[in-house]
Each structure stands twice: as C-alpha cells, then as structure tokens.
Amino acid sequence: MQFFNHLESNVRGYIRSFPAVFKTATGSILVDEEGKQYIDFFSGAGTLNYGHNHPVFKKKLIEYLNEDGVVHGLDMATTAKKDFLTAFENVILKPRNLNYKIQFTGPTGTNAVEAALKIARLAKQRANIVSFTGGFHGVTMGSVAATGNVLYRSGAGVPLDNTTFMPYEKYLGVEHDSLDYIRKFIANTSSGVDLPAAFIVETVQGEGGVNVASPKWLRGLQAICREFDILLIIDDIQAGCGRTGQFFSFEGMGIEPDLVLLSKSLGGYGLPMSLVLLKPELDQWEPGQHNGTFRGNNLAFVAAAEAIHTFWSDESFSKELTVKSHRLQSDLFALKLRYPQAIKDVRGRGMLHGIQMHDPEKTKAVAERAFELGLLVERCGSEDEVLKIIPPLVIDEALMNEGMKIINQSISDVFENFHQAPAKIERKEYASQ
Ligand SMILES: *Cc1c(COP(=O)(O)O)cnc(C)c1O
C-alpha cells in the first residue's frame, strides 16, 4: 500500500477499506497479487450486478475490438449505439409500457443527475429541488447539493443552494408519516420552502444506509408531485438494473416517474455509462445545449446491449433473483436473532440489504475482519454503521453461503471472542466462476 500512498491523493477511499492490490476477477471472486481470493459482496458499489468479466459480454467486446468497431464517437450515431437503443426499447421500455426519451450523458452517475436537475429546472422554470435525508446523488455541484451526507457536502467549498431537504420515510421515526410533513411544507405558502421543480429520490437509499421506501410512501410522494405540478425523479443508479429484483426498482408500485436515472450496472461489464429517461414533453433541450465528450461509450453500449439480451429478455432472471433474495433475507434474520447484542436491524430489498449495528466502531471491525477472512463488504449509513450486502446478482448459492459464513464468523470474532484470539477460518480455494 505504501506505493499508492506516496503518490495517490489522500482522497482515495475504497483502497483503505480493502487494502490489497487486486489483479484479476471473475464472477463473484477477486484475486490479489498474492493469489489470495476474495468473495465480492460489494460489486463495485452496485456496478457489477452481472459479476466481473462476464464471459458472454467479454466475447462480444473482444469481437467488437477485433472488428475495429468505433470506440469513441462523441454522441454520433454508431452501430453499437443503435444496437443498444434497439435492445433498450424492445426489451426494457416496451414490455413495461414505458414511454421515455433517452438522453446519454457523461459516463458517471453524477452526470445523469446533473442533466436531470437541469431538465427539471428548465421545464418548470424553478430553481429549487427537493431531496431527501440520507439521499446520495453524486459529488459534482448540483448532485452534491442534493446529497445529505456532511462528508461529501463539506468538500464542495461553496454554499450548496437551490435544494431543500425533506424527511425520507421513517426519518422522523416510525410513528410519523413524513409525507404529512412534506405536504405541509409544499402546500403552505408561509413554509419558507420555494415550490420545487422536482423531487429527486432513491427507492432504496444505497449509500444512505439501505433505507427502503415503501410503495405506499412512494405513491404518496408521487401524489404530492402531481398535486403541486412537481416532477418526480427516481435515481435508480444503484437500485436499478435488477438490484432490487426487477430491472427498475419502482416496478409494480404504481409509480410513473417523470425522469429515471441509470448508471452503475447499466454498462454491464463495469464500463462507465449513464442515461436519463425523460418524458417526451420534458425534452426541451436545444441541440447541444448540454453535452460531454464521453456521452455514449461505445464499448459500454456493446456490453450493455448484451446484458439486456442475456438477462432481461424473459422473466427467468427476475424469478431467480426472487429466490436468491428470499434466501438472503432469511439468512440475515437468522443472523440478527443470533447476535442481538451486535445487530440493531436488518433490511433491504432484492439483493440490496443492510445489517445495521448498534455501534459504528463494531461495524468497522466486522468489515475489517471479513476482509481478512476473504470477503469484500462495505459500510454505509450516516455513521457508517450499516454493513451493505450487495453481491453480484449472478452469485451462486455456494459462494453466497461462504460469504454469509464469513460475515457470521466476523461478527462472532468481534463480539464474542473479542478478548481472545480471533477464531481461525480455513482458507478455501474457490473455483473461479
Ligand atoms: C453512485 C450513485 C450516484 C453517483 O454515481 P457516480 O458514478 O459515482 O457519479 C448517484 N446516485 C446514486 C443513487 C448512486 O448510488
């Protein structure tokens, strides 16, 4: 690590949580330079839903490169873009009866957020945006203004304005319906809150601590939007692309967002790519009014189209995810029963779950111990008190069980044998998958 520390900025983050030099990766396994294997319960923060180096996507990418397919094309028309748009329209939008236009933005999630905020402000001619406690939307100026966490906010260096925060579901406690609070502040002309152009919300707050909004709350939020002519932006950058069990996290809830943001796993192979889905009437851009050199990463288009064909052409993947997520949920409930002194809450949807500990220091110790034992698991939440469980969606049962065993062992080591030497866990060789 010394090598990285002397040259790379102090801002580096995950390298500190996972201090190894990773060399190769396949499926749900990473391998470091020493040949040590790690099970991946982190998936690049939700970017590797289909695992590392998926063989089918890899083949397509190599073919594309061998044929001298266009790699960089600004936002010009390319065959790769045409194939992606065709797949997205036929496999994702049409079967769900969704009528959106597609805007490609710069390649990272925050680029999609910035574009959506502009679209909303332009369309409604209002500056204010309502965001939610615990929300994470990225770290460029517009998106970090809509992000709750003080660490990210404090990095901005300028006042973060034109955003008003409202309580996410249960933020004020389970006995309060935060929708009552929100509606009052929007409806009342003396609340001091300017009528916003849009609400931007995650259906499950990935960075904010795996806080799950109920369908009822989301429908209530949408009703407030409709009543007061406010746009609803669903930031599906982390919760989308199958993470919660369906392609979009809001499917089947009676929600029709005006704008939807996708990134992270959209590019399929871990390749950067982002887009905004916008209702046609919101498409009020002048040509080129918003741009970016890397809109439309053609390699990502190739892998993304393949991911859509491979995983979303029929219901089988969603069904598989339902089974997997039920198993994960029951494992987590069992863990909570076993360690009530450690675990305050377990929660989540689909393959996005959190283990909230009573003590953030212990969460850190458990994550560190898990890393020693060969598992990547990251922390989230306002105090980093939640262990976030986001394995690749394609993980097989055996590896999932191994990973859960390591979490169990790590909690046991931290809480029960705290004053003894931690138990030795046998190191296994996993067949790469
Ligand atoms: C990761 C994330 C972003 C930002 O994406 P970047 O690629 O890091 O810019 C925005 N919103 C949500 C919900 C995210 O999880």
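All values reported here derive from a predicted model rather than from experimental measurement. (Residues numbered from 1 in each chain as written. Predicted model: local features only at pLDDT ≥ 70, side-chain atom pairs only at ≥ 80, totals over all residues. Heavy atoms only, no water.)

> Is there a simple way to think about helix α9 (residues 178-187) in this case?
Because an α-helix completes one turn every 3.6 residues, residues spaced three or four positions apart along the sequence face the same direction. Within α9, the full set of buried residues consists of S178, L179, I182 and I186. One face of α9 carries all of its buried residues, which in axial projection span an arc of 100°. Across from the buried face of α9, at angles greater than 90 degrees, the exposed residues are D180 and K184. Where α9 is buried, its residues touch β5 (129-132), β6 (163-166), β7 (198-201) and α10 (215-228). Between the side-chain oxygen of the N-cap and the backbone nitrogen of L179 there are 2.9 Å, and the N-cap of α9 in question is D177. (Buried < 20%, exposed > 50% of the residue type's maximum accessible area, 1.4 Å probe, protein only. Helix = DSSP H or I, 4+ residues; strand = E, 2+ residues; numbered from the N terminus. Arc of directions from axis to C-beta. Contact = heavy atoms within 4.5 Å. Polar contact = N/O pair within 3.5 Å; in protein donor to acceptor, adjacent residues only side chain to side chain.)

> Is there a simple way to explain the side chain of K279 in this structure?
Within the fold, K279 resides in the loop between β12 (275-278) and α11 (298-312). K279 gets classed as buried once you look at its relative accessible area, which sits at 15%. Once residues within four sequence positions are removed from consideration, K279 is found in contact with N99, Y100, E256, P257 and D258.

> I tried to follow the environment of G13 on my own but got confused; where do I start?
Tracing the chain through its elements places G13 in the loop between α1 (2-7) and α2 (14-17). Accessibility expressed as a relative area gives 41% for G13, which makes it partly exposed. Along the backbone, G13 and S313 are 300 residues apart, and their C-alpha atoms lie at a distance of 37 Å.

> Is there a simple way to think about unusual backbone geometry in this case?
A negative phi angle is the norm for most residues apart from glycine, just as the trans form is the norm for most peptide bonds. The residue C241 is not glycine, and still its phi comes out positive at about 55°. Residue placement: C241 occurs in the loop between β10 (231-235) and β11 (259-262). Of the residues examined, C241 reaches a relative accessible area of 1% and is grouped as buried. Residues other than glycine seldom take positive phi values, yet D384 does so here, at roughly 55°. Within the fold, D384 resides in the loop between β16 (378-380) and β17 (386-389).

> Where do I start with the domain arrangement of the chain in this structure?
By a widely used convention, the size of an interface equals the accessible area lost when the partners come together. Domain annotation for the chain reports domain 1 (2-53 + 316-415) and domain 2 (57-312). Each of domain 1 and domain 2 has a C-alpha centre, and these two points are 25 Å apart. On the domain 2 side, the residues contacting the 30 residues of domain 1 number 30 residues. Of the roughly 2,500 Å² buried where domain 1 meets domain 2, counting both sides, 52% is carbon and sulfur surface. The largest contributions to the domain 1 side of the interface with domain 2 come from Y50, R349 and L352, which together make up 32% of the buried area. At the surface where domain 1 touches domain 2, the tally comes to 1 salt bridge. Across the pair E207 and K388 runs a salt bridge whose closest N-O atoms are separated by 2.9 Å. Across the domain 1-domain 2 interface, the total number found is 18 residue pairs in polar contact (both at pLDDT 80 or more). (Domains from an automatic or database assignment. Buried area = accessible area lost by both parts, 1.4 Å probe. Salt bridge = Lys/Arg side-chain N within 4 Å of Asp/Glu carboxyl O.)

> Could you clarify how one ought to interpret the site of the ligand in this entry?
In the region of the ligand, the neighbouring residues are T108, G109, T110, F136, H137, G138, E202, D235, I237, Q238 and K264. The backbone of T110 places a nitrogen or oxygen atom 2.8 Å from an oxygen atom of the ligand. Contacts to the ligand include K264, whose side-chain N or O atom sits 2.7 Å from an oxygen atom. Considered on its own, the ligand offers 380 Å² of accessible surface; in the complex 84% of this is hidden by protein. (Near = heavy atom within 4 Å. Areas by Shrake-Rupley, 256 points an atom, 1.4 Å probe, with all protein chains shown as cover.)

> Can you help me understand helix α6 (residues 109-124) in this one?
The first and last C-alpha atoms of α6 sit 23 Å apart over 16 residues, in line with the 22 Å expected at 1.5 Å per residue. Every buried residue belonging to α6 is among G109, T110, A112, V113, E114, A115, A116, L117, I119 and A120, and all of these are buried. Immediately beyond the C-terminal end of α6, within one or two residues, lies Q125, with a positive phi of roughly 55°. (Expected span 1.5 Å × (residues − 1).)

> Before we go on, may I ask you to explain the nonpolar core in this structure?
Side chains that are nonpolar tend, in soluble globular proteins, to be buried together. By size, the foremost hydrophobic cluster in this structure holds 94 residues, and its most contacted members are F84, F88 and F199. Among the elements that line this core, the one with the most residues is α11, at 11 residues. Split by domain, the residues of this core number at least three in each of domain 1 (2-53 + 316-415) and domain 2 (57-312). With 21 residues, the next largest nonpolar core counts I129, I200, I233 and I237 among its residues. (Core = buried A, V, L, I, M, F, W, Y, C linked by side-chain atoms within 4.5 Å.)

> Which parts of the structure should I look at to understand the sheet that holds strand β2 (residues 29-32)?
Picture the strands of a sheet paired through backbone hydrogen bonds; they go either parallel or antiparallel. If you walk across this open sheet you meet the 4 strands as β1-β2-β3-β15, and the pairing is mixed. Of all the strands in the sheet, just β1 (22-26) and β15 (375-376) have a single pairing partner and so form its edges. With 3 bridges connecting them, β2 and strand β3 (residues 37-40) associate as antiparallel partners. Note that in β3 the partner of V31 across the bridge is Q37. (Pairing = 2+ DSSP bridges.)

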